[in-house]
Amino acid sequence: MEITYLGHACIQINAGGKTILVDPFISVNDLAQNIDVDSLQPDYILITHAHQDHVLDVKRIVRNCGATLISNYEIITYYNKMDFLGHGMNTGGSYTFDFGRLTATVAQHSSMFADGSYGGNPNGYVLQSDDKIIYIAGDTAVTLDMKLLPEMFGIMDLVVLPIGDNFTMGPKEAVKASDLLECNTVLGYHYDTFEQIKIDHEETKKLFEQKGKKLHLLPIGDSIKV
Ligand code: NI
Ligand code: MN
């Protein structure tokens, strides 16, 4: 699997011969101006929850390339009204897609569209593909539910965790989350985009190093392979 960081909480995953774009928020992100949102051609768009900083570019990208949405039932129902195709899931459910198997996990957060529409419960996702396992936490606090994931899925190759604090867990909690997840390879996201979530990169990386863990903070547009 290859994971490309596109700024804020947006990542693109190449897995099982398909491209899955997660939580597109690019066009208004000053830090991601090197990414051309109209050049993205994902097969799927995976949405963790309905907040604007996770769905802003969904319509634009679907109109450009006809990607299939994957999200919770309420978010898919919302987009179905715009005639967008989607696959609805809900917390705890798994489904085998043509790129691999996805499981919707618990995320401790909230979920509402910018127009006030209900966005269902927020989720993270475990993706099993190409004999690898990654976990994308979504916006969440550190939660004991994370302890279940290594028990159920075994050793994971990479966990993607929010680390910006204020709206989600911060660096200290992300270290704790990686303990619960029993995974020492972390890709940080959901940081620096706004004033409230700016982090000190070197200090944050040190927090992980002190525990024998590796935190990746990728330049926007860079990729990591698992
Ligand atoms: Ni959010
Ligand atoms: Mn967010």
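Our subject in this report is the structure included herewith. (Residues numbered from 1 in each chain as written. Chains lettered and ligands numbered in written order. Predicted model: local features only at pLDDT ≥ 70, side-chain atom pairs only at ≥ 80, totals over all residues. Heavy atoms only, no water.)

Here we come to the overall build of the protein chain. What the protein chain contains, in helices and strands, is 6 helices and 14 strands. The C-alpha atoms of the protein chain give a radius of gyration of 16 Å, which matches the 17 Å a tight globule of 226 residues would have. Each of the three principal axes of the protein chain carries a C-alpha extent, and together these read 50 × 40 × 35 Å. Burial analysis of the protein chain (226 residues in total) assigns 54% to the buried set. Taking the intrachain contacts of the protein chain between residues at least 6 apart in sequence as the baseline, contacts between residues at least 24 apart amount to 61%. (Helix = DSSP H or I, 4+ residues; strand = E, 2+ residues; numbered from the N terminus. Rg over C-alpha atoms; globule rule 2.2 N^0.38 Å. Buried < 20%, exposed > 50% of the residue type's maximum accessible area, 1.4 Å probe, protein only. Contact = heavy atoms within 4.5 Å.)

The manganese ion (ligand 2) binds to the protein through D53 (OD), H54 (NE2), D139 (OD) and H190 (NE2), with metal-donor distances spanning 2.1 to 2.2 Å. Along the chain, the residues donating to the manganese ion (ligand 2) are arranged with the sequence spacing D-H-x84-D-x50-H. Between the two metal centres, the manganese ion (ligand 2) and the nickel ion (ligand 1), the spacing is 3.0 Å, with D139 acting as a shared donor. On the criterion of sequence distance, the pair formed by D53 in helix α1 (residues 52-55) and D139 in the loop between β10 (132-136) and α4 (148-153) is long-range, its members being 86 residues apart. Neither D53 nor D139 differs from the other in exposure class; each is buried. (Donors = N, O, S within 2.8 Å, 3.2 Å for Na, K, Ca; no water.)

Another point: the nonpolar core. In this structure, I11, I13, Y79, Y135 and L161 are the most contacted members of the largest nonpolar core, which totals 75 residues. If we skip the residues at most four places from it in the chain, I11 touches I3, T4, Y5, L6, I20, L21, V22, I136, V160, L187 and Y189. (Core = buried A, V, L, I, M, F, W, Y, C linked by side-chain atoms within 4.5 Å.)

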